[in-house]
Amino acid sequence: MTAPLTGFSRLAPPRSWLRAHPTAFDAGLAAAVLVCMVVASFADPHGPHGPTFGTRTPELRSLLLMVAAAGALVFRRSRPVSVLAVTGAVSVAELVAGDPPAPVAMSAVIALYTVASRTDRPTTWRVGLLTMTVLTGSAMLFGSAPWYSQENLGIFAWTGMAAAAGDAVRSRRAFVDAIRERAERAERTRDEEARRRVAEERLRIARDLHDVVAHHIALVNVQAGVAAHVMDKRPDQAKEALSHVREASRSALNELRVTVGLLRQSGDPEAPTEPAPGLAVLDPLLDGFRRAGLPVELARTDQDTELPAAVDLAAYRIVQEALTNVRKHAGAAAKAEVSVVRVGRTVEVTVLDDGCPAGSVQAGPDGAGADGAPAGGHGLIGMRERVTALGGTLTAGPRYGGGFRVQAILPVKARAEGDEDV
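For clarity, every value in this text was computed on a predicted model and none was experimentally measured.

### Considerations on the overall build of the chain
When its secondary structure is counted, the chain shows 11 helices and 7 strands. The burial tally for the chain puts 35% of its 422 residues in the buried class. Relative to all contacts within the chain whose residues are 6 or more apart in sequence, the contacts with residues 24 or more apart total 66%.

### Concerning the pairing of strand S7 (residues 404-411)
Within S7, 6 of the 8 residues are buried, which leaves the element mostly enclosed by the surrounding structure. Inspection of the sheet shows strand S6 (residues 393-398) paired to S7 by 6 bridges, in the antiparallel sense. Paired with glycine 397 across the bridge in S7 is arginine 405. Where S6 hands over to S7, the hairpin turn is made up of 5 residues, of which glycine 401 adopts a positive phi near 95°.

### A short note on the packing of helix H4 (residues 80-97) against helix H6 (residues 121-142)
Here H4 crosses H6 at 15°, and the two axes come no closer than 8 Å. On the basis of their axis angle, the class for H4 and H6 is roughly parallel. Here H4 and H6 pass one another in a crossing that is right-handed. Contacts from Leu84, Gly88, Ser91, Val92, Leu95 and Val96 in H4 reach Val127, Thr131, Val134, Leu135, Ser138, Ala139 and Phe142 in H6. Looking at side-chain class alone, the contact of H4 with H6 contains 9 nonpolar, 4 polar and no charged residues.

### A word on H6
Its 22 residues place the ends of H6 31 Å apart at the C-alpha level, agreeing with the 32 Å of an ideal helix rising 1.5 Å per residue. Residues Thr123, Thr124, Gly128, Thr131, Met132, Leu135, Thr136, Ser138 and Ala139 constitute the buried set of H6. Seen end-on, H6 carries its buried residues on one side only, within an arc spanning 155°. Opposite the packed face of H6, turned more than 90 degrees from it, sit the exposed residues Trp125, Arg126, Leu130, Thr133 and Leu141.

### Looking at the side chain of aspartate 26
Structurally, the position occupied by aspartate 26 is in helix H2 (residues 22-41). Polar side-chain contacts of aspartate 26 include one of 3.0 Å to the side chain of arginine 76. Apart from the residues within four sequence positions on either side, aspartate 26 is in contact with Leu73, Val74, Arg76 and Arg77.

### Some thoughts on the sheet that holds strand S4 (residues 336-343)
The strand order across the open sheet built from 5 strands is S3-S4-S5-S7-S6, with neighbouring strands paired in mixed fashion. In this open sheet, the two edge strands, each paired with only one partner strand, are strand S3 (296-300) and S6. With direction set aside, neighbouring strand axes in the sheet form an average angle of 10°. Pairing of S4 with strand S5 (residues 346-353), which is carried by 8 bridges, proceeds in the antiparallel orientation. Bridging across to S5, valine 338 finds its partner in valine 351. Taken strand by strand, helix H9 (residues 282-291) contacts S3 and S4, and its axis lies near 160° from that of S3.

Conventions adopted
- Note that residues are indexed from 1 along each chain, following the sequence as it is written.
- Since the coordinates come from a predicted model, pLDDT governs what is reported: local features require at least 70, and pairs of side-chain atoms require 80 or more to be given and counted, while whole-chain, interface and lining totals use all residues.
- Side-chain descriptors were evaluated using all non-hydrogen atoms of the structure, hydrogens and water having been removed beforehand.
- Segments assigned H or I by DSSP are reported as helices when at least four residues long, segments assigned E as strands when at least two residues long, and all are numbered from the N terminus.
- Only protein chains enter the accessibility calculation, which uses a 1.4 Å probe. A residue is then buried if its area is under 20% of the maximum for its type, exposed if over 50%, and partly exposed in between.
- Two residues qualify as a contact provided that any one of their heavy atoms is within 4.5 Å of a heavy atom in the partner residue.
- Note on pairing: two strands pair once DSSP finds at least 2 bridges between them.
- Axes here mean lines fitted to C-alpha atoms, for a helix over just the part in contact, with angles spanning 0 to 180 degrees between N-to-C directions.
- Should an angle lie under 35 degrees it is considered roughly parallel, over 145 roughly antiparallel, and from 65 to 115 roughly perpendicular; all remaining angles are considered oblique.
- Left-handed describes a crossing whose near helix is turned anticlockwise from the far helix through less than a right angle; right-handed describes the clockwise counterpart.
- Any residue outside Ala, Val, Leu, Ile, Met, Phe, Trp, Tyr, Cys, Pro, Asp, Glu, Lys and Arg is labelled polar, Gly included; the first ten of those are nonpolar and the last four are charged.
- By this rule the span expected of a helix is its residue count minus one, scaled by 1.5 Å.
- Directions drawn from the helix axis to the C-beta atoms are what define this arc.
- Under the rule applied, a polar contact is a pair of N or O atoms within 3.5 Å (in protein, one hydrogen donor and one hydrogen acceptor; residues adjacent in sequence only if both atoms are side-chain atoms).

Here's what the structure looks like:
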C-alpha cells in the first residue's frame, strides 16, 4: 500500500523541475513582478481618506517601462549586473517622469537581490549603496511628494533589505557548499584509507604465506632428500625422516589454515581462532630445524618482556625466514646462532651462521651473494617490510670470515596504525 504524499512530498517534483529549468522560473518570476507592478500602479497612496485603489490609471509610458523592467528579470541569473543596470535606469526614468511614479523600482529591488546573492560581499556593499543612493535620491529630488514621504523611505528600506537578504542567501549557500565539500572530501579520504588498509592487509598476508610456505617446504625438501638417500641402506633413519616430513607438512597446513582463514567472512564458524605464532613458541621452531639437520643455538634475555602481537609475530617470522635461508643457502655443514635480547625500548633479534669457509662463495638470504647483492627471492624483502612497518630497522649482510648475519631491531611498543613519520 502506497503511503499518502505529504505537502513536502507533493512539492518535490515541481521544485526539482524548476531547479533543472532556471530560465522558466525566472520567466514566471518576471510575469509575477509585472502583475504586481501593474496592479500597484492603480493604487493612489494620497487619497482623501487614505490609500485608495482604482482612482488613477497608469500612463502608457509607465506600462512600457514596467514591461521592459520585468522582461529584463528573465536574464537575472546569467547577467545579474547588467539586469540591475537596466532595471535601475528604467526605475530612475519613471521616478523622474512619472507623477506619481509607478512602482517600477520593484524590479530593481529583485535585481539587486540577485546581484547580492551571486557576488561577494564587497561588491554587494558597493552596488547596494550605489543603487540605494541613486533610486532614493531620484525619488527625493524629482518627486512631487516631500523628500521625507513614506514612498521615498520605502524605496530606501526595500533596496537595503534586498541587499541584506541576497548577502544572507549567498553566505548560507557558501556554508552549505563548504559542508558538502567537507563531507565529500571525508568520504574520499575514508575510501582511500580503506583501500590503503586493504593493500596493507594483502601485503601482510602475502608475507605470512611466503614465510610459512618457504620454511616448511624447505624442511620437507631436506627430510625427503635424506629419506631418499638412506631408504635402501638404513630404513629406520628413512622412516624417521619421513616422520619429520609428515610433521612439517602438518605444521605447514595448520599455519596456512590460520593465515588463509583471515580471508574468511567474520561470521564463518570455520574461521580459525588460534593465536598467531610468536616468540613463546620459538623453541619448537628451532627444534624443527635441528631435526632437519641444522644445529641451532639460542640465547635470549627477553623472557619477562611482553611484546605487542605485531612485534612478537614479526620477531618469530624473522627468525623463521632467516633460518630457512641458512638451511637453503649456507651449506650442509653450517651452524646457526639465534639471540633475542631486550635493549632499552627495543628488542634485538639476531641470526648468525658460519656458512661456507672464508674465501669461498656463499649465497646469502634469497640467493644473495657474498657481496650482499640480492639475486632474487622475497624473504629478505619481506623481513625488511615487516620491520619497517613497525618502525624498526633491519640489517643483513655477509660476515667477515664467512657466513651471514641478519639483525632486526624492533620497538617494544609497535607503531600505532595511522602514524606517519614526520
